Amino acid sequence: MSRQLTEDLYQYFEQKTNPTPDENYLLARLTDELPYFPISHICRDDLEGKGFDISNVTDSDMSRLADKLGNDYHEQLYSISMEIIAEDSIGIPKYICPKCGKKASMYNSYDKTFLCFSCQNTWKKEEPTGRYVLVEFPEDTSFYENNDIGYPCFNSEDNGAIYVPEHLYRQHTGKEPEANSMFLAVQWPESQRYFEIEPESIAALCEPIEADAKSIEDFGESSIWVPLCLIKS
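Quick caveat, the model's predicted, so the values are computed rather than measured.

Conventions used here
Residues numbered from 1 in each chain as written. Predicted model: local features only at pLDDT ≥ 70, side-chain atom pairs only at ≥ 80, totals over all residues. Heavy atoms only, no water. Buried < 20%, exposed > 50% of the residue type's maximum accessible area, 1.4 Å probe, protein only. Helix = DSSP H or I, 4+ residues; strand = E, 2+ residues; numbered from the N terminus. Pairing = 2+ DSSP bridges. Phe/Tyr/Trp six-rings, centres within 6.5 Å; stacked < 30°, edge-to-face > 60°.

### Quick look at the pairing of strand β4 (residues 131-135)
And step 1. Among the five residues that make up β4, four are buried, leaving the element largely enclosed by the rest of the structure.
And step 2. Of the strand pairs in this sheet, β4 and strand β7 (residues 182-186) are connected by three bridges, and their pairing is antiparallel. Looking across to β7, one finds that Tyr132 is bridged to Phe183.
And step 3. Across four bridges, β4 lies against strand β6 (residues 162-165) in antiparallel orientation. Residue pairing for β6: Leu134 is matched across the bridge by Tyr163.

### Let's talk about the sheet that holds β6
And step 1. Pairing in this open sheet of six strands is antiparallel, and the strands run β5-β6-β4-β7-β9-β8 from one edge to the other. A single partner strand is all that each edge strand has here, and the edge strands are β5 (151-152) and β8 (207-209).
And step 2. Pairing analysis gives three bridges linking β8 to strand β9 (residues 223-227), with the strands arranged antiparallel. Among the inter-strand pairings, Ile209 is bridged to a residue of β9, identified as Ser223.

### Topic: the pairing of β7
And step 1. Most of β7 is tucked away: four of the five residues are buried.
And step 2. Sheet analysis places β7 next to β9, joined by four bridges and oriented antiparallel. If you follow Phe183 over to β9, its bridge partner there is Pro227.

### Describing the packing of aromatic side chains
And step 1. As enumerated under the stated definition, the model contains 14 aromatic pairs in all.
And step 2. With 6.0 Å between their ring centres and 90 degrees between their planes, Tyr73 and Tyr78 make a pair best called edge-to-face.
And step 3. Judged by relative accessible area, Tyr73 falls into the partly exposed class, the value being 33%.
And step 4. Ring geometry for Tyr151 against Trp225: centres 6.0 Å apart, planes inclined by 50 degrees, an arrangement best described as tilted. Of this pair, Tyr151 sits in strand β5 while Trp225 sits in strand β9, and the two are 74 residues apart along the sequence. Judged on exposure class, the residue Tyr151 and its partner Trp225 are both buried.
And step 5. One aromatic cluster in this structure is built from Tyr132, Tyr151, Tyr163, Phe183, Phe219 and Trp225.

Keep in mind these values describe shape, not function.
Written out as structure tokens, the structure reads:
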């Protein structure tokens, strides 16, 4: 079944106001299919195009052929092709090893652990919190800069200071960030109130996001870096 047909049928049954038991069963089956995307298909014309006599080929024969082709592809080229096309052609990023900066080699969904073949490091998957750590002297920011992680800070005496995602900071350093180094990127219109705060004490640490193209692209214009302690108050 094609992906579009699966989605169309799902929408059809999902919008039913009083579905029958059979319709509920079909909806459940379609729901189970939604995470999967078909790669290819085969038909009798494909065989005939290669010179085969298809006059007596049954549906059962075609199903067996499709199954064996799928198994053969999965065992030989599937993983290699998936990695190359996903990364090189589509630009889907991989997780970065927090120890050496190389790309993650494997992920074990059972215990949510990544493995890096380059340095044999393992680390747990952490979901992004939306919070950022301001890393500045005397801490070393080179790891983040070399791997294009984070956003530059122009509100620090350290011209190499950088805001990095909290979970990546914790994975890389193995320690918890200092409370006074925690920030949120507050977007418009919620950011407006922080532009209006008088620049005194902790409020002076608020930094408008206006001098870096990547920051503006990711958070939008009129956004601002705000200390977490100021937001909590």
